[in-house]
Every structure is written in C-alpha cells, then in structure tokens.
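Each chain, letter by letter, is given below.
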Amino acid sequence: MLLKTTNLKSIINQAAALLFTAAVGTANAQEVVVTDSTAINDRVEVEKDTVKPFQKFKVDGVAAVVGDFVVLESDIDKMYIELQSQGVSIKDVTNCNLAGRLMENKLYAHHAIQDSIMVNDSEVNAQVDQQLAYMTQQVGSMEKVLEFYKKDNEAEFRAELFEINRQNKLASEMQRKIVDAVEITPEEVREFFRSIPEDERPVFGDEVELAQIIVKPEIPQSEKQKIINRLKEMREDVVENGASFNTKAVLYSQDPGSKSSGGKISLSRKDPFVKEFKDVAFSLQEGEVSQPFETMFGYHILTVDKIRGQQVDVRHILLIPDVTEATKDEAYEEIKKVREKILADEITFTAAAKEVSDEEETRESGGQLVNPTTGDTRFELTKIDPLLYEQVANLKEGEVSPILTDQDQTGRPFYKIITVTDRYEEHEADYARDYNKIKELALRDKQLKAIEKWQKEKIMETYIKVNGEYRECDYSSNWLKK
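These lines cover the structure that appears in this document, whether it is placed above or below.

The rules we used
- Residues numbered from 1 in each chain as written.
- Predicted model: local features only at pLDDT ≥ 70, side-chain atom pairs only at ≥ 80, totals over all residues.
- Heavy atoms only, no water.
- Core = buried A, V, L, I, M, F, W, Y, C linked by side-chain atoms within 4.5 Å.
- Buried < 20%, exposed > 50% of the residue type's maximum accessible area, 1.4 Å probe, protein only.
- Helix = DSSP H or I, 4+ residues; strand = E, 2+ residues; numbered from the N terminus.
- Contact = heavy atoms within 4.5 Å.
- Expected span 1.5 Å × (residues − 1).
- Arc of directions from axis to C-beta.
- Pairing = 2+ DSSP bridges.
- Axes fitted to C-alpha atoms, helices over the stretch in contact; angles between N-to-C directions.
- Phe/Tyr/Trp six-rings, centres within 6.5 Å; stacked < 30°, edge-to-face > 60°.
- Lys NZ or Arg CZ within 6 Å of the ring centre and 35° of its normal.
- Parallel < 35°, antiparallel > 145°, perpendicular 65-115°, else oblique.
- Left-handed = near helix turned anticlockwise from the far one by under 90°.
- Nonpolar A, V, L, I, M, F, W, Y, C, P; charged D, E, K, R; others polar.

Before going further, it helps to spend a moment on the nonpolar core. Formed by 47 residues in total, the largest nonpolar core has its most connected members in Ile 76, Met 103, Phe 157, Val 466, Tyr 470, Tyr 475 and Trp 479. Residue contributions to this core peak at nine residues, all from helix H3 (residues 95–114). Excluding residues within four positions of it along the chain, Val 466 makes contact with Ala 63, Ala 64, Met 103, Arg 471, Tyr 475, Trp 479 and Leu 480.

This part is about H3. For H3, which comprises 20 residues, the first-to-last C-alpha distance of 28 Å matches the rise-based estimate of 28 Å (1.5 Å per residue) to within 8%. The element H3 is largely enclosed, with a buried count of 16 among its 20 residues. A positive backbone phi angle near 60° is found at Ser 116, which sits one or two residues after H3.

Look at helix H11 (residues 325–343): 27 Å from first C-alpha to last across 19 residues, which is about the 27 Å you get at 1.5 Å a residue. Regarding H11, the residues found buried are Thr 327, Lys 328, Ala 331, Ile 335, Val 338 and Ile 342. Buried residues of H11, seen end-on, are gathered within an arc of 105° and therefore sit on one face of the element. Along H11, exposed side chains directed more than 90 degrees from the buried face belong to Glu 325, Asp 329, Glu 330 and Lys 337. Packed against the buried residues of H11 are strand S6 (207–215), helix H12 (349–356) and strand S13 (413–424). Within two residues after H11, Asp 345 carries a phi angle of roughly 60°, on the positive side.

The subject of this paragraph is the sheet that holds strand S12 (residues 404–407). Taken in spatial order, the four strands line up as S11-S6-S13-S12 in an open sheet, and their pairing is antiparallel. Sheet topology places strand S11 (378–380) and S12 at the edges, where each strand pairs with a single neighbour. Between one strand axis and the next, the sheet turns by 55° as a mean value, whatever way the strands run. The pairing of S12 with S13 spans four bridges and is antiparallel.

The next subject is the packing of aromatic side chains. Counted under the stated rule, the structure contains six aromatic pairs. Taking 5.8 Å as the distance between ring centres and 45° as the angle between the ring planes, the aromatic pair formed by Phe 193 and Tyr 431 counts as tilted. Separated by 238 residues along the polypeptide, Phe 193 in helix H7 (residues 186–195) and Tyr 431 in the loop between strand S14 (427–428) and helix H15 (435–461) bring together distant segments of the chain. We classify Phe 193 as buried; its relative accessible area is 8%. Using a relative accessible area of 21% as the deciding quantity, one classes Tyr 431 as partly exposed. Seen from their ring centres, Tyr 431 and Tyr 435 are 5.6 Å apart, and the 85° between their planes marks the pair as edge-to-face. The class for Tyr 435 is partly exposed, based on a relative accessible area of 23%. Ring pairs connect the aromatic residues Phe 193, Tyr 431 and Tyr 435, which therefore count as one cluster. It is Arg 378 that lies over the ring of Tyr 424; its NZ or CZ is 3.9 Å from the centre.

Moving on to the side chain of Asp 434. By the element assignment, Asp 434 lies in the loop between S14 and H15. Once residues lying within four places of it in the same chain are set aside, the contact partners of Asp 434 are Phe 204, Arg 378, His 427, Glu 428 and Ala 429.

Viewed as axis vectors pointing N to C, H11 and H12 meet at an angle of 155°, and their least axial separation amounts to 10 Å. In terms of orientation, H11 and H12 fall into the roughly antiparallel class. Along this stretch, H11 crosses H12, giving a crossing that reads as right-handed. Of the residues in H12, those touching H11 at Glu 334, Val 338 and Ile 342 are Phe 349, Ala 352 and Val 356. Residues of the contact of H11 with H12, tallied by class, amount to five nonpolar, no polar and one charged.

Below is the structure:
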C-alpha cells in the first residue's frame, strides 16, 4: 500500500482501494455481500489467479489464517461471484486481490476484539432482520430464501448471517478507530499542497452555491382525523376480535421497508429511528397494541412481538395523510407570489427564505444548501444529482428558477424555487480558494498512511499463515512476512 504524497493520482487510487475494502466488507439490508464461509455452500470451479499458469481446481480448504479467523478458498470464490452479481467491474480483480481484502478484514476484526471494541448484538440482529426481510421480499418467502442459500432452517441461516455481520462491524469499527484518531493542521495541509507538482495539481470542475425556498401544501385536519380513525378501527379489530396485525400491515401499511414482512422491525434505543417511534416501542408490553401516534412520516399503530433485553421486535402499520387539491393550489399561489416579489426586487431571496420557507434545515441560513458529500456549500456540477443538475445548470448567478415540483420522503408534493448564489468556473486547484477541498485530500492522505502504518505493524505481531498457491501472490501488504 505505497502512497506517494507527490502523486495525486496515487492518492485517489488508494482512497478508492479503501472504499473498495469497506464496500466488499459490509452487508446491508439492500445489498447482502456474503463473503464468509457461512455463504452458499455450492462447490464451483474457478480459475485461480496466481503467478503460476491458470489452472482449474475445486474450491476447498483454508487459504489463510489471520489471528482467530480463517479465510477459506471458497470464501474467495464466493466474494468474486457476489461482486459479479452486484454489477461491480471485475476486469482487474484477481483472486489474489480478494484474498488480500479478506485477510485485511479479518485483521481488523481480530484486533477490534483485542482492543475490546464492543459490537452491540441488538444492532447486528436488527441488521440481520432487515436482510432477511429484504431477501424474503425479493424471492417471495423464507422457504425460498433458505432453499437458495442451501440452509436447513431459519435459525441456522440467521446465526450465520449474524456472525458475518458481527465480523464486518468489528472490522468497520476498528478502521473507524484508526482514522478518527487522525487530525491535520493547517501547516500539514500547506505542505501537502506544496508537495503536489504543479503539472499534477487537480482541476476542479464548474461549481455552484445554491439556495432554495420550499413551500409545502398543508395537510387538512380532516385528512389527519380520517387516518387516525382508520388506525383506531384496525386496532380495535386486532384487540377486540383477534384479527391479525401482521395481515393488516401487509394489506394496508404504507411503509415500503416493512410492509411485506407484516410491519416487522427490530430496534434498540440506539438505533436511528425517530424519537416518537422509539418512545412508543419501548413503552409497551409484549402483545400490547398502541393507540395511533404521529411521527414525521405519518400516523402509526404499533405492537410489540418480543422484548429481548435492550432490543424489541415490533410490528407497525403506517398510514400517510395526503394533501388536497385545494391545499396544493394554496401552496403554489404562495410560492408564486414570493417569486414575483423577488423578481420585482421587493424582497431578497435570503429574506424571503427566512420568512416563508418550510424547510427548517435551510430557512435560517436564507435557504443556503450544504453539499452532503463535502460538508461545504459548493456543488460540483458534474457530481450533483442529475435532477438538481437539470434545474440549475443553465441558471445564471442571481437568477431565480421557475417554480419546481418535488416530493418529500412520503411522496407528498411540494413546490420550490432555486437560485445560484455564486458560480466558480473550472480551474486548477488554488490553495486559498479551494482550501477545504485540499484539506480533505490531505486528511485522506494522512488517514491512508495511518492505516498503512497500522497494518504493517499489526501484520508483524499477529499470527498469520497463508497456504498453498496463495503464498505466490504479490500482495500489497506483507502477509507473507518476508
């Protein structure tokens, strides 16, 4: 993992490699990356990529041992197949690359345990629940999931997924601990920039700073009450008549993430659910059904299936009250008048945002948008969301867009206007002008060096054994301790 601070291309390549490591080592509810011996048990033939000529062989045996963890040859093949199935380019990916990635993951997980890094079992179980719910939704039933993964029962499969996720989370937390300890000073940023040869300095594309005003149609109280009454009827049917909460969630809930699994969600107090939802979930006894309650997403009823220490398994039904044509018309007229006042110079865009915008996050800053990727206010046009690009690409500085229609996270429409508060033409990196971007590159470089140093030291002090043809790979890290 050599990293030359004088070569910006190598810095970017190393950053990509770090991200690749994180990507292939993480399993989530939407893309389950199965990279361990608990994955599909099919025996398949692959071409082994070593310094020897290609040869066919049956995936089998132990490729390496890292601390307390084993990397099977079959794990390497499954990782390759999984990357293919996800559409990841494997043109330049070799079995040696994958073996190295898996050994890195095991090294992080091993030392996370040595450093007493704790992983919350309830969080891992919640992740497993989400994965199983997603798999079930994709293929139709748990029986089909088990058949596909060649597992005898759900308990066995759940236990194996738990261990995969636990190891991945340990590795992730260990990496985070390493990079979180890295800080960078202004002098280091300056030295980093000076170390880049002038002909290799990055060129930053066209950038814009944006502000927006949002007006949302109101939801009439009559619509809210209609939803509350429906949920009360469902609750009464469950409590009084023994109707199935699960079935009602499948039929009526408007939560796409849990609807197909009967509204099932597992959560702990630390999980990132809205406060109102967690407050109700942890206030009920097993089997109890809540009264309707409101969150930012809509109105819910909730029942507790099982309490497991600090974790609860719940089911919920979400109904989302809708806006009406009348309230949509009112909102449109309001933002239309605001736009006309701005164009007539009766009010500034900033003042109008503070006065009428319904977006709490940007209202007090005059509608100023913050780039979620970089944390600053600039958006590089070639990297922003395609829809946003269409809306702002042709706007001149200070120009106000036409009224645009968008949707919130529940699918309800709202109206907005956007202005470009500043434009930055494509230019070669300038230390003063682009300090934040240069600081980000410098910090990333220092973090990668810290990881390289940590890996080098830990490899030497950890029991590692690489077997068979994997000893002939040309690893970027010293796994063979030569």
